[in-house]
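Take a look at the letters that make up each chain.
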Amino acid sequence: MAKVKSLADLKKIKEELHAKMDLREKSNDPDAQVQIKVGMATCGIASGAKEVMEFLIEATAKRGINSIVTQTGCMGYCYAEPTIEVTMPGKEPVVFGDVDLKKADEVIEKYIKQGELVDGIIPVNYKTIDNN
Amino acid sequence: MKDLSMHIMDIIQNSVRAEASLVELKITESQKEDLFSISIKDNGFGMSEEVLAKAIDPFFTTRTTRKVGLGLSLLKQNAEMTGGKMEISSKVGVGTELKATFSHKHLDRPALGDIAGTMVLLVGANPEMDFVYTHITDGGEYIFDTKEVKEVLDDMPVSDPNIMRYLKEMIKENLNTL
């Protein structure tokens, strides 16, 4: 595929992706998706949250995981950044701390794919991360 | 912060929290004038005079999860280390504008870093918002406007990983021509 340099190139790419996208769109029920929130406040960004978020977006897409990766503010665990919150369909959210690329890969392979808990879970003593 | 694109990511998070629908980022770099400036303007809540006066205090934040707010003070410190400065103006209900200037050639000026990746993450994570990123150098100007991008993409979401990858490539390619 030639490089995308302009909006015209992007339009061509869009046409090529469209059929594939239609299939994916149909499965975009939020309740059926794995929701991943990456803490992207100053503490998270300074600790490498951007690279972790880029990795999670790429890796979940490549591995065919129906997921949505988005960002959130500071969850108050600055000492354990980067932090991510993973919500599996029908389950309570789980927050992982000190998530580097290796840990992110482990979370995908073990927790998301197989439902196994992995090291690095921050104990559930918080109410919500939506009000920060 | 490792580079300026991370500062930009961080500062724009404030615009996201302020429920801005439009964020305009302008980066101007001129080796001739020894200038590197970053301007971020949003149409979010804005800040009262009282909050604005405390905004660059590292021990002030509007967050409830912690007691420090380092984003603005770190950027200000970085700008001042190169002989530059940072200014913020804000009006409640109108929005906030921040401008940080650096000496282009100063050894302590952090590199810009992965600005294409930063923009694409912001766009993908906030698909309901619009971003206009203008980059001006001595050699020319590039404008990335998500309104135009969304028009081209039509019903395809900007948060799709494939689209994000292509958008990053498009921004990088255009910046390389400046």
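Before reading on, note that the structure itself is shown above.
How each quantity is defined
Positions within a chain are numbered from 1, following the residues in the order the chain's sequence is written. Chains carry letters from A onward and ligands carry numbers from 1 onward, assigned in written order. Predicted model: local features are reported for residues with pLDDT of at least 70 only, side-chain atom pairs are reported and counted for 80 or more only, and whole-chain, interface and lining totals are derived from all residues. Residues are treated as contacting if the C-beta atoms built from their backbones sit within 7 Å of each other. In DSSP terms, a helix is any run of H or I states spanning at least four residues, a strand is any run of E spanning at least two, and both are numbered starting from the N terminus. Any residue that is not Ala, Val, Leu, Ile, Met, Phe, Trp, Tyr, Cys, Pro, Asp, Glu, Lys or Arg is counted as polar, Gly included; the first ten are nonpolar and the last four charged. Once C-beta atoms are placed from the backbone, each residue is buried if 20 or more other C-beta atoms lie within 10 Å of its own, exposed if 12 or fewer, and partly exposed for counts between those two. Only strands joined by at least two bridges in the DSSP assignment are considered to pair. The axes used here are C-alpha line fits, helices contributing only the stretch in contact, and every angle between their N-to-C directions lies in the interval 0 to 180 degrees.

Chemist: I would appreciate a short explanation of the interface of chain A and chain B in the present structure.
Modeler: Buried accessible area, meaning the area lost when the parts come together, often serves as the stated size of an interface. In this assembly, 29 residues from chain A lie in contact with 30 residues from chain B. Listed by contribution, the elements that provide at least two residues to the side of chain A that touches chain B are α1 (7-26), α2 (42-47), α3 (49-62) and β2 (67-72) of chain A. Sort the elements by how many residues they give to the side of chain A that touches chain B and α1 of chain A lands first, with 7 residues. Split by residue class, the side of chain A that touches chain B holds 16 nonpolar, 6 polar and 7 charged.

Chemist: In this structure, what is going on with unusual backbone geometry? I would like to understand it.
Modeler: What you tend to see is this: most non-glycine residues have negative phi, and most peptide bonds are trans. At the junction of E81 of chain A and P82 of chain A, the peptide bond is cis and its omega measures out at -5° in the coordinates. Here P82 of chain A shows up in the loop between β2 and β3 (84-87). You will see that E19 of chain B, though not glycine, has its phi angle at about 60°, which is positive. Here E19 of chain B shows up in the loop between α1 (4-17) and β1 (22-30). With 11 C-beta atoms counted inside 10 Å, the residue E19 of chain B sits in the exposed group. Residue D34 of chain B is not a glycine yet carries a positive backbone phi of 50°. By the element assignment, D34 of chain B lies in the loop between β1 and β2 (35-42).

Chemist: Looking at this structure, I do not really get the sheet that holds strand β3 (residues 85-91) of chain B. What am I missing?
Modeler: Pairing between sheet strands relies on hydrogen bonds along the backbone, with the strands arranged either parallel or antiparallel. Residue and element names in this part refer to chain B. The strand order β3-β4-β2-β1-β5-β6 describes an open sheet built from 6 strands, whose pairing is mixed. The open sheet has two edge strands with one neighbour each: β3 and β6 (140-145). Ignoring strand direction, the axes of neighbouring strands in this sheet form an average angle of 10°. Two elements, β2 and strand β4 (residues 95-103), share 8 bridges in a ladder whose sense is antiparallel. Paired with L35 across the strands is S103, a residue of β4. Lying on the sheet, helix α5 (residues 146-153) is in contact with β5 (130-137) and β6; it crosses β6 at an angle near 55°.

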